[in-house]
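Report on the structure
Spelled out, the chains give:
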Amino acid sequence: LQHVIEAQQFTLPLLHELFQTADQMEKILERGGTLDYQNKIMASLFYAPSTRTRFSFESAMFRLGGKVISTEQAHLFSSVIGGETLEDTIRVVSNFCDVIVLRHTEVGAAKRASLVASVPVINAGDGKGGQHPTQALLDLYTIYKELGYIDGLKIAFVGDLEQGRTVRSLAYLLGKFERVMIYFIAPDFLQIREDIQDYLTRHNVWFTLESDLNKVVSEVDVIYVTRIEKERFGDKVEIYDETVRNYFIDGKLLSKMKPKSIIMHPLPRLNEISPEVDDDPRAVYFKQTKNGLLIRMALLTMLL
Ligand code: CP
């Protein structure tokens with residue numbers, strides 16, 4: 001593993017190794033053990049805001065015994081304010097660390113960074129409609145831990161699928177498994193893009209585009225909910241309100257789900273899931289964040 005740029009790069013053997021390493025990380029944390037990374041430095045370079053991804057990467061590096069240098073909103077602090085290119089910033093930061101975790105506002109930024117970096121680059125989310133591969137890896141790990149299988153999975157993605165980079169990355173990963181069935185649930189203008197549809201078709205993955213969540217809620221093993229941002233609707237406030245209502249996860253919807261199914265969300269949520277759902281054992285969105293720490297520890301060890 002040289003860089004982590006996009007979900008497609010992860011083969012099944014690599015996913016297997018990653019999950020096994022994440023399991024080991026959990027055992028080490030439970031024992032209160034440490035790892036020997038005190039000579040390693042991780043730079044977290046965030047050109048866009050983050051809570052979960054940044055903190056979990058930084059926590060992961062500290063848990064490994066390593067050190068962190070960081071800046072959020074890099075454009076406010078770095079020489080980018082003077083017009084420095086991403087490439088030059090990466091060339092410079094490469095000299096100060098052993099791995100760079102990059103979140104950027106532009107699709108493709110992590111790929112560009114990897115082409116000039118002299119240390120591994122991890123894509124922590126690039127642009128709207130780009131990818132967020134480490135989120136997808138922790139999502140897949142969560143599904144595996146909670147349900148015990150991925151082959152044969154029936155999953156419904158709900159919300160803004162057009163721009164949702166976590167959905168895009170997870171769909172790429174699911175395309176590597178057998179007999180997976182994917183329901184993309186969204187109104188037409190928020191539906192999953194053709195590039196993902198083409199990829200799934202090429203990989204013989206069954207999928208369908210649907211707008212009514214009620215039609216599939218009792219069928220699926222996973223409901224993966226994503227944020228629906230108000231600004232996507234412009235001044236069409238009524239359509240926004242109707243969309244949020246149509247895809248709202250509450251106790252009533254929960255009662256139609258299978259007892260052994262799960263509800264996921266990459267977080268932060270806005271108003272997609274009622275707080276009454278949080279205490280149900282099928283709600284695993286906070287477990288996802290814990291798994292994020294384990295997956296990111298595992299990824300760092302594999303890269304370093
Ligand atoms: N899930 C996720 O990427 O959250 P942050 O934006 O807080 O990192």
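Residues numbered from 1 in each chain as written. Predicted model: local features only at pLDDT ≥ 70, side-chain atom pairs only at ≥ 80, totals over all residues. Heavy atoms only, no water.

Concerning the site of the ligand
The immediate surroundings of the ligand are formed by S50, T51, R52, T53, R103, H132, Q135, P266 and L267. Within the backbone of R52, one N or O atom sits 2.9 Å away from an oxygen atom of the ligand. Between the ligand and R103 there is a distance of 2.9 Å, counted from an oxygen atom to a side-chain nitrogen or oxygen. Burial of the ligand by the protein amounts to 90% of the accessible area it has alone, namely 250 Å². (Near = heavy atom within 4 Å. Polar contact = N/O pair within 3.5 Å; in protein donor to acceptor, adjacent residues only side chain to side chain. Areas by Shrake-Rupley, 256 points an atom, 1.4 Å probe, with all protein chains shown as cover.)

Some thoughts on the sheet that holds strand β1 (residues 41-46)
Pairing in this open sheet of four strands is parallel, and the strands run β2-β1-β3-β4 from one edge to the other. Looking at the sheet topology across the chains shown, the edges are occupied by β2 (67-72) and β4 (121-126). Neighbour-to-neighbour, the strand axes of this sheet turn through a mean angle of 10 degrees, independent of strand direction. (Pairing = 2+ DSSP bridges. Helix = DSSP H or I, 4+ residues; strand = E, 2+ residues; numbered from the N terminus. Axes fitted to C-alpha atoms, helices over the stretch in contact; angles between N-to-C directions.)

Focus on the UniProt feature "domain: Aspartate/ornithine carbamoyltransferase Asp/Orn-binding" (unreviewed entry) in the protein chain
The UniProt record annotates "domain: Aspartate/ornithine carbamoyltransferase Asp/Orn-binding" (unreviewed entry) at residues 151-302. For residues 151-302, helix accounts for 34% and strand for 14%, while the C-alpha atoms at its two ends are 25 Å apart. (UniProt positions renumbered as here; feature names shortened; annotations may be inferred.)

Some remarks on the nonpolar core
Among soluble globular proteins, nonpolar side chains are generally buried collectively. Counting 89 residues, the largest nonpolar core has I155, F157, L174, F184 and I223 as the members making the most contacts within it. Of all the elements, helix α11 (residues 285-303) adds the most residues to this core, at 10 residues. In contact with F157, other than residues within four places in its own chain, are V167, L170, A171, L174, I182, Y183, F184, I185 and Y224. Core analysis: the next-biggest nonpolar cluster, separate from the first, contains 18 residues, I5, Y47, V80 and V121 among them. (Core = buried A, V, L, I, M, F, W, Y, C linked by side-chain atoms within 4.5 Å. Buried < 20%, exposed > 50% of the residue type's maximum accessible area, 1.4 Å probe, protein only. Contact = heavy atoms within 4.5 Å.)

Some words on the pairing of strand β7 (residues 206-210)
Sheet topology note: the strand β6 (residues 181-185)/β7 ladder contains five bridges and is parallel. Along β7, the bridge assignment pairs F184 with L209. Read as a crossover between parallel neighbours, the route from β6 over helix α8 (residues 194-202) to β7 is right-handed. (Right-handed = clockwise from strand over helix to strand, strands pointing away.)

Comments concerning the side chain of T301
Its place among the elements puts T301 in helix α11. A relative accessible area of 15% places T301 in the buried class. At 2.7 Å, the side chain of T301 and the backbone oxygen of A298 are in polar contact. Excluding its chain neighbours within four sequence positions, the residues that come into contact with T301 are T21, M25, Y37 and L64.

Topic: the packing of helix α6 (residues 133-147) against α11
Where α6 meets α11, the closest approach of the two axes is 8 Å, and the angle between their N-to-C directions is 115 degrees. As α6 runs across α11, the sense of the crossing is right-handed. Contacts from T134, Q135, L137, L138, D139, Y141, T142, K145 and E146 in α6 reach K287, Q288, N291, G292, L294, I295, R296 and L299 in α11. Residues belonging to the contact of α6 with α11 are distributed by class as follows: six nonpolar, six polar and five charged. (Left-handed = near helix turned anticlockwise from the far one by under 90°. Nonpolar A, V, L, I, M, F, W, Y, C, P; charged D, E, K, R; others polar.)

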